[in-house]
Amino acid sequence: MTPRELVATAPVPGGDPLRLFRRGADYMIVLDRNELMNSRMSGSEAALATMAVERLAGVAAPRLLVGGYGMGFTLRAALAALGAEARLTVAELVPEIVDWARGPMAALTAGCLDDPRVTLEVADVAETIAAVPARWDAILLDVDNGPDGLTRDVNDRLYSPRGLATARRALRPDGMLAVWSAAPDAAFARRMREAGFATEEVVVRARGNGKGPRHVIWFGRVGR
């Protein structure tokens, strides 16, 4: 087997550092002993975008918030599925992630950060969500391995009742919150419903070919 090579490390405010590894043409982003992302398994991250866009059918000039960038799978899938009138903001907390996207993983990024529809904010997505009410048609969250603060403890606020209420206020009428997870979480699904979201739980495969581990995406809609 080709050995895994450490390419770079990045500090995470309030958390353990991230490490970028390369094995042949594949990349991995690792936190402690947890592999957060792998370039060989992008199907469910892409599905987060494509399924969200499908559920936004009929929305003119949709405004989407993507948090965070990761390896760009969600952003690239959203751009491919949306028209020229759409606008997407990417909130990425760790500036080195952006450096990696433009540097060692530039081929994987495929120029998506330079798309004219995209605005990049090096910022905490929780602060971006809270900044302006009724701003987004959809908020797509994939900043941890699920609805808990794995990357850093303070991320728990995103998935708390208060955080969900903040996300709901940030959405336009009939807007949608979509949350990616590596595993089911019945307590989180219940919190979404209690926060006033009409909640749909979808199981998707990790790989684009329909194979690999089963992941979960929750789609929560607000009323008009």
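Residues numbered from 1 in each chain as written. Predicted model: local features only at pLDDT ≥ 70, side-chain atom pairs only at ≥ 80, totals over all residues. Heavy atoms only, no water.

Student: I'd like a rundown of helix H1 (residues 43-55), residues and numbers included.
Tutor: Helix length check: H1, at 13 residues, gives a terminal C-alpha distance of 18 Å against a target of 18 Å (1.5 Å per residue), a fit within 8%. All of the buried residues along H1 are Gly-43, Ser-44, Glu-45, Ala-47, Leu-48, Ala-49, Met-51, Ala-52 and Val-53. Tucked inside the fold, the buried residues of H1 contact helix H2 (73-81), strand S8 (136-141), strand S9 (171-181), strand S10 (198-205) and strand S11 (214-221). (Helix = DSSP H or I, 4+ residues; strand = E, 2+ residues; numbered from the N terminus. Expected span 1.5 Å × (residues − 1). Buried < 20%, exposed > 50% of the residue type's maximum accessible area, 1.4 Å probe, protein only. Contact = heavy atoms within 4.5 Å.)

Student: Provide a residue-level description of the pattern of salt bridges, including the pertinent values.
Tutor: For the structure shown, the criterion picks out nine salt bridges. The salt bridge involving Asp-26 is made with Arg-40; its shortest N-O contact spans 3.5 Å. Here Asp-26, found in strand S3 (residues 26-31), pairs with Arg-40, found in the loop between strand S4 (34-38) and H1; they are 14 residues apart in sequence, far enough to count as distant. The class of Arg-40 is partly exposed, set by a relative accessible area of 39%. Residue Arg-55 is joined to Glu-200 by a salt bridge in which the shortest nitrogen-to-oxygen separation is 2.9 Å. Highlighted residues: Arg-55 in helix H1 and Glu-200 in strand S10, separated in sequence by 145 residues. (Salt bridge = Lys/Arg side-chain N within 4 Å of Asp/Glu carboxyl O.)

Student: So what about the environment of Ala-49? Which residues, and what values?
Tutor: Mapped onto the elements of the fold, Ala-49 is located in helix H1. According to the relative accessible area criterion, Ala-49 is buried, its value standing at 0%. Expressed as a C-alpha distance, the spacing of Ala-49 and Ala-178, which sit 129 residues apart in the sequence, is 8.7 Å.

Student: Break down the side chain of His-215 for me, citing the residues and quoting the values.
Tutor: If you trace the backbone, His-215 turns up in strand S11. For His-215, a relative accessible area of 11% puts it in the buried group. A polar contact is formed between the side chain of His-215 and the side chain of Ser-44, at a distance of 2.8 Å. (Polar contact = N/O pair within 3.5 Å; in protein donor to acceptor, adjacent residues only side chain to side chain.)

Student: Lay out the packing of aromatic side chains with the relevant residues and their values.
Tutor: For the structure on display, the rule yields two aromatic pairs. Taking 5.0 Å as the distance between ring centres and 70° as the angle between the ring planes, the aromatic pair formed by Phe-188 and Trp-218 counts as edge-to-face. Taken as a pair, Phe-188 in helix H8 (residues 186-194) and Trp-218 in strand S11 lie far apart in primary sequence, 30 residues in all. According to the relative accessible area criterion, Phe-188 is buried, its value standing at 0%. Through a chain of ring-to-ring contacts, the aromatic side chains of Tyr-159, Phe-188 and Trp-218 assemble into a single cluster. A cation over an aromatic ring shows up here: Arg-4 above the ring of Phe-21, its NZ or CZ 3.8 Å from the ring centre. It is Arg-55 that lies over the ring of Phe-219; its NZ or CZ is 4.3 Å from the centre. (Phe/Tyr/Trp six-rings, centres within 6.5 Å; stacked < 30°, edge-to-face > 60°. Lys NZ or Arg CZ within 6 Å of the ring centre and 35° of its normal.)

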